[in-house]
Amino acid sequence: MPQIIDGKKISQQIKDELKAEVQELASKGRHACLAVVQVGNDPASSVYVNNKKKACAYIGIESRSYELPEETSENELVSLVEELNNDAEVNGILVQLPLPGHIDEDRIIRTISPDKDVDGFHPVSVGRLWIGEKGFLSCTPAGIIQLLKRSGIGIEGKRCVVVGRSNIVGKPMAALLLRENGTVTVAHSRTKDLKEVTRQADILIVAIGKERFITHEYVKDGAVVIDVGMHRDAQNHLCGDVDFADVEPFVSAITPVPGGVGPMTIAMLMNNCVETMRTQEERS
Ligand code: GUN
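First, a word on scope: everything that follows refers to the structure included in this document. From a predicted model like this one, the values you see are computed outputs, not experimental measurements. (Residues numbered from 1 in each chain as written. Predicted model: local features only at pLDDT ≥ 70, side-chain atom pairs only at ≥ 80, totals over all residues. Heavy atoms only, no water.)

It is worth spelling out the sheet that holds strand 2 (residues 33-39) at this point. Two pairing modes exist for strands in a sheet, parallel and antiparallel, and in both the strands are linked by backbone hydrogen bonds. What the three strands build is an open sheet, ordered 3-2-4; its pairing is parallel. Each edge of the open sheet carries a strand with a single partner, namely strand 3 (62-68) and strand 4 (92-95). Going from strand to strand, the sheet's axes swing by 15° on average, the running direction of each strand aside. Relative to strand 3, strand 2 runs parallel, the two being bridged by seven bridges. Its bridge partner being in strand 3, Ala 35 is matched across the sheet by Arg 64. Sheet strands touched by helix 2 (residues 43-59): strand 2, strand 3 and strand 4. Its angle to strand 2, the strand with the most contacts, is close to 170°. Contacts from helix 3 (residues 74-85) reach strand 2, strand 3 and strand 4 within the one sheet, and its direction differs from that of strand 2 by about 180°. (Pairing = 2+ DSSP bridges. Helix = DSSP H or I, 4+ residues; strand = E, 2+ residues; numbered from the N terminus. Axes fitted to C-alpha atoms, helices over the stretch in contact; angles between N-to-C directions. Contact = heavy atoms within 4.5 Å.)

Bringing the packing of helix 6 (residues 139-150) against helix 7 (residues 170-179) into the picture now. Interaxial distance between helix 6 and helix 7 falls to 9 Å at its minimum, and their mutual angle equals 40°. Our classification of the angle between helix 6 and helix 7 gives oblique. Judged by the sense of rotation from one axis to the other, the crossing of helix 6 with helix 7 is right-handed. Across from Pro 141, Ala 142, Ile 144, Ile 145 and Leu 148 in helix 6, the residues of helix 7 making contact are Pro 172, Met 173, Leu 176 and Leu 177. A breakdown of the residues in the contact of helix 6 with helix 7 according to their chemical character gives nine nonpolar, no polar and no charged. (Parallel < 35°, antiparallel > 145°, perpendicular 65-115°, else oblique. Left-handed = near helix turned anticlockwise from the far one by under 90°. Nonpolar A, V, L, I, M, F, W, Y, C, P; charged D, E, K, R; others polar.)

Moving on: the pairing of strand 8 (residues 224-227). In strand 8, alternate side chains face the same way, and those of Val 224 and Ile 226 on one face and Val 225 and Asp 227 on the other are all buried. With four bridges connecting them, strand 7 (residues 203-206) and strand 8 associate as parallel partners. Pairing of Ile 203 across the sheet is with Val 224, part of strand 8. Bridge analysis of strand 8 against strand 11 (residues 253-254) gives two bridges, and the strand direction is parallel. Within the sheet, the bridge partner assigned to Val 224 lies in strand 11 and is Ala 253. (Buried < 20%, exposed > 50% of the residue type's maximum accessible area, 1.4 Å probe, protein only.)

What follows is the structure in structure tokens.
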């Protein structure tokens, strides 16, 4: 029987550890405040933003909401982010993506101070990750490393294949696996003979955004499979990029959807917020 990696349980453990750490740091006069900015009212974004605020309340971090109308201009949003950069009370800034089409997301991401970039999306955070400097890590890939480590799955020396090359998941995932001494291949939509590549993987991480795309033919017997996808199928069921029922009999460990990678993203965002408190301590 394969190990079903329980992201809900592991994320709860992490949040409980962070809650205890926040109490300890607060008793030393440390404080964290996360500014959460949402432009427009996309329902999916509202759910994510609310879950982030709830997680802040749970672990004892202050959150401040900035809910801006859809027609907010790019310059207005830049001004708000600059204000938050300069606000000594704010330690972390999160601008929920996607932004409305008339706003240049890259410009907004670059405006956030790298010292407050708890999403880890700023080019400075990305550069720090690749050269092994301390910095904020992109939350979903950092969460996947925690899922593996806390499930007793070693990365060092393993063949790791990441399918997908987005800035938010695929690329930082590759950097983190490399940092853990994995042997890393990044495959993508233009990869030739994708099955041949994915079948090499001891650890296969799938972030392609295609419903139940990965079937057992893509997977080596005994591999570990991590599914970053999240879709609603024609029957209104949640499912991932991996065809779970088809792949599960062949693997040694696999993440379910829901309840695998998803809950880890917020736990790691909370870890990045607590990191701002840890660094305050170092300065004192
Ligand atoms: N939209 C979907 N996922 C994320 C995320 O991790 N951070 C931000 N800021 N927006 C998102």
